[in-house]
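Chains, contacts and geometry: an overview
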Amino acid sequence: QAQVRESGGGTVQPGGSLRLTCDASGSGFTTYAMGWYRQAPGKERELVATIVVNGETRYGDSVKGRVTISRHRIGNTAYLQMNSLKPEDTAVYYCNIRTNWGVSWGQGTQVTVSS
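So, here's what we can say about the structure. (Residues numbered from 1 in each chain as written. Predicted model: local features only at pLDDT ≥ 70, side-chain atom pairs only at ≥ 80, totals over all residues. Heavy atoms only, no water.)

Things to note about the overall build of the protein
A tally of regular secondary structure across the protein gives zero helices and 11 strands. Along the protein, from the amino end to the carboxyl end, the secondary structure elements read β-β-β-β-β-β-β-β-β-β-β. For 115 residues, the compact-globule estimate of 2.2 N^0.38 gives 13 Å, and the protein sits close to it at 14 Å. Counting only C-alpha atoms, the protein reaches 45 × 25 × 20 Å along its principal axes. Put simply, the protein has 115 residues, and 43% of those count as buried. The contacts in the protein between residues at least 6 apart in sequence include a share of 54% that link residues at least 24 apart. Within the structure as shown, the protein displays about 6,200 Å² of accessible surface, and the carbon and sulfur contribution to it stands at 44%. Across the protein, the 12 positively charged side chains and the 8 negatively charged ones have centroids separated by 5 Å. (Helix = DSSP H or I, 4+ residues; strand = E, 2+ residues; numbered from the N terminus. Rg over C-alpha atoms; globule rule 2.2 N^0.38 Å. Buried < 20%, exposed > 50% of the residue type's maximum accessible area, 1.4 Å probe, protein only. Contact = heavy atoms within 4.5 Å. Areas by Shrake-Rupley, 256 points an atom, 1.4 Å probe, with all protein chains shown as cover. Lys, Arg positive; Asp, Glu negative; His and termini not counted. Charge placed at Lys NZ, Arg CZ, Asp CG, Glu CD.)

And the structure:
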């Protein structure tokens, strides 16, 4: 199973930006897609963005136009660039990777948007 680790979370003021990084390690698997999800206190986990190996991307309605997902051309590293952050973006952000072995999740990284 792939091991997934997120980094880059922190506290930022409204209107600010953050870049999250997801690294998936391991060997012997074929990657189909990587994605970012988030979960705020008392709410269900929701889609932020996904990227398929052919480069196709999909974004959640609440973040469209403000975030960009990308993937390093080598290896299994994905990035989430978030701009114009709002207090309602505060959540734990989780990365996952979908492979021929199934789906693996990271432990999450906290993003707090507050003045």
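Thoughts on the pattern of salt bridges
When the charged atoms of two side chains with opposite charge come close together, those side chains can pair. Counted by the stated rule, this structure contains five salt bridges. For Asp89, the salt bridge is made with Arg66, and the minimal N-O distance between the two is 2.8 Å. With Asp89 in the loop between β8 (77-82) and β9 (91-99) and Arg66 in the loop between β6 (57-59) and β7 (67-71), the pair connects residues that are 23 residues apart, well separated along the chain. Each member of the pair, Asp89 as well as Arg66, carries the same accessibility label: buried. The network of salt bridges with common partners includes Arg38, Glu46, Arg66 and Asp89. (Salt bridge = Lys/Arg side-chain N within 4 Å of Asp/Glu carboxyl O.)

Some details on the packing of aromatic side chains
Tallying each qualifying case throughout the model produces two aromatic pairs. When the centroid spacing of 5.6 Å and the interplanar angle of 65° are considered together, the rings of Phe29 and Trp101 count as edge-to-face. Of this pair, Phe29 sits in the loop between β3 (18-25) and β4 (31-39) while Trp101 is found in the loop between β9 and β10 (102-105), placing the two residues 72 residues apart along the sequence. Given the relative accessible area of 13%, Phe29 is considered buried. Since its relative accessible area comes to 47%, Trp101 is described here as partly exposed. Looking at Arg19, its charged tip hangs above the ring of Tyr79, at a distance of 4.1 Å from the centre. (Phe/Tyr/Trp six-rings, centres within 6.5 Å; stacked < 30°, edge-to-face > 60°. Lys NZ or Arg CZ within 6 Å of the ring centre and 35° of its normal.)

Notes on the nonpolar core
If you look at the biggest cluster of nonpolar residues, it comprises 28 residues, and the most contacted ones within it are Met34, Trp36, Val48, Leu80, Met82 and Tyr93. Leaving out residues up to four positions away in the same chain, Met34 has contacts with Cys22, Ala24, Thr50, Ile51, Ile69, Arg71, Asn76, Thr77, Ala78, Cys95, Asn96 and Ile97. (Core = buried A, V, L, I, M, F, W, Y, C linked by side-chain atoms within 4.5 Å.)

Points about the pairing of β4
Across the nine residues of β4, seven count as buried, placing the element largely inside the fold. Relative to β9, β4 runs antiparallel, the two being bridged by eight bridges. Looking at β9, one finds that Thr31 is bridged to Thr99. As judged from the six bridges shared by β4 and strand β5 (residues 46-52), these two strands associate in the antiparallel manner. Directly across from Trp36, in β5, lies its bridge partner Ala49. Counted between consecutive antiparallel strands, the loop separating β4 from β5 contains six residues, among which Gly42 sits at a positive phi close to 80°. (Pairing = 2+ DSSP bridges.)

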